[in-house]
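Structure assessment
Listed below, chain by chain, are the residues.
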Amino acid sequence: MLTVLLVEDDSFTRQLISNALEQRGFAVTSCESVAVAIGLVTRIEPHVIVSDLDFGRGASGLDLLRLVNRDFPWIGLVALSAHSTPMLVGEGSLPDGTAYLVKSEISDLDEIALAINESISRIADQSRIESNLDEIQGAHREHFVSKAQAETLRLLSQGHTNQSIADLRGTSLRAAETMIQRTYKSLGLTRETKRNNRVEAVSLWRQGKVRVR
């Protein structure tokens, strides 16, 4: 069952969408603020986040989606907005691959369910593209990782266990293990690699062959 974190400050809209998604087979956790959502991301580890973009003062839905895209790139993203185009949302842009829905143009709640499935498909497609690039570019190139992956590599190089990394990053063990596997993948290391992936990853890090994008 796919898990969805719904972030919407209007209680009626939040309940309406939550009920509709549950009727369509999704497991839904909902909240009304970005601050609460950030804590829930590490607790429930959703497959997809569906978030409004305008929460008034304070952190916006755009801030939330950027944070998740940076630290949890395997989570699908769906943005709900009153604006007809993402260009009107605010400074900068939505993370690549974010499904964008205009609230006033949603005629059927099936559209949200479809956007959720599309966001997951985009993540899978991107993973396949990255895998193909790894094969083409070879094992001796410089490897580029996210800031979160670089922090994971630093902790690995210091000898921390998976549980220790989870504790230091304030995440669950499962989230830490997923991040480690994603980091290996960015380094071109797969489960089929004959050598120890942890040793190889630390070696690349210490050799200065890893760059942060």
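Residues numbered from 1 in each chain as written. Predicted model: local features only at pLDDT ≥ 70, side-chain atom pairs only at ≥ 80, totals over all residues. Heavy atoms only, no water.

Some remarks on the pattern of salt bridges
Side-chain pairs of opposite charge can arise whenever the charged atoms involved come near each other. According to the stated counting rule, one finds seven salt bridges in the structure shown. The closest approach of N and O atoms between K103 and E8, which form a salt bridge, is 3.0 Å. In this pair, K103 sits in the loop between β5 (99–102) and α4 (110–137) while E8 sits in the loop between β1 (3–7) and α1 (11–23), placing the two residues 95 residues apart along the sequence. Judged by relative accessible area, K103 falls into the partly exposed class, the value being 30%. (Salt bridge = Lys/Arg side-chain N within 4 Å of Asp/Glu carboxyl O. Helix = DSSP H or I, 4+ residues; strand = E, 2+ residues; numbered from the N terminus. Buried < 20%, exposed > 50% of the residue type's maximum accessible area, 1.4 Å probe, protein only.)

What about unusual backbone geometry?
Not every positive phi belongs to a glycine, and E45 is a case in point at roughly 45°. Exposure remark for E45: the relative accessible area of 16% places this residue in the buried category.

Thoughts on the sheet that holds strand β3 (residues 48–52)
Across the sheet, five strands lie side by side as β2-β1-β3-β4-β5; this open sheet has parallel pairing. Among the strands making up the open sheet, the edge pair consists of β2 (27–31) and β5. Looking at each pair of strands side by side, their axes are set apart by 20° on average, direction ignored. As judged from the five bridges shared by β1 and β2, these two strands associate in the parallel manner. Paired with V4 across the strands is V28, a residue of β2. Sheet strands touched by α1: β1, β2 and β4 (76–81). Its angle to β2, the strand with the most contacts, is close to 170°. Sitting on the sheet, helix α3 (residues 61–71) touches β1, β3 and β4, and the angle it makes with β3 is about 160°. (Pairing = 2+ DSSP bridges. Axes fitted to C-alpha atoms, helices over the stretch in contact; angles between N-to-C directions. Contact = heavy atoms within 4.5 Å.)

Quick notes on empty space enclosed by the protein
In the structure shown here, the tally under the stated rule is one cavity of 30 Å³ or more. Quantified by volume, the largest cavity comes out at close to 40 Å³. Every residue along the wall of the largest cavity is listed here: D71, F72, W74, R169, T171, A175, A176 and M179. Element by element, the count of residues in the lining of the largest cavity is highest for helix α7 (residues 173–186), at three residues. Classifying every residue of the lining of the largest cavity gives five nonpolar, one polar and two charged. (1 Å grid on protein atoms, 1.4 Å probe; cavity = no way out; pocket = protein on both sides within 12 Å on 5 of 7 lines; lining within 4 Å. Points joined across faces, edges and corners; volume = space filled by probe spheres on them. Nonpolar A, V, L, I, M, F, W, Y, C, P; charged D, E, K, R; others polar.)

Everything listed is a geometric property; what it means functionally is a separate question.
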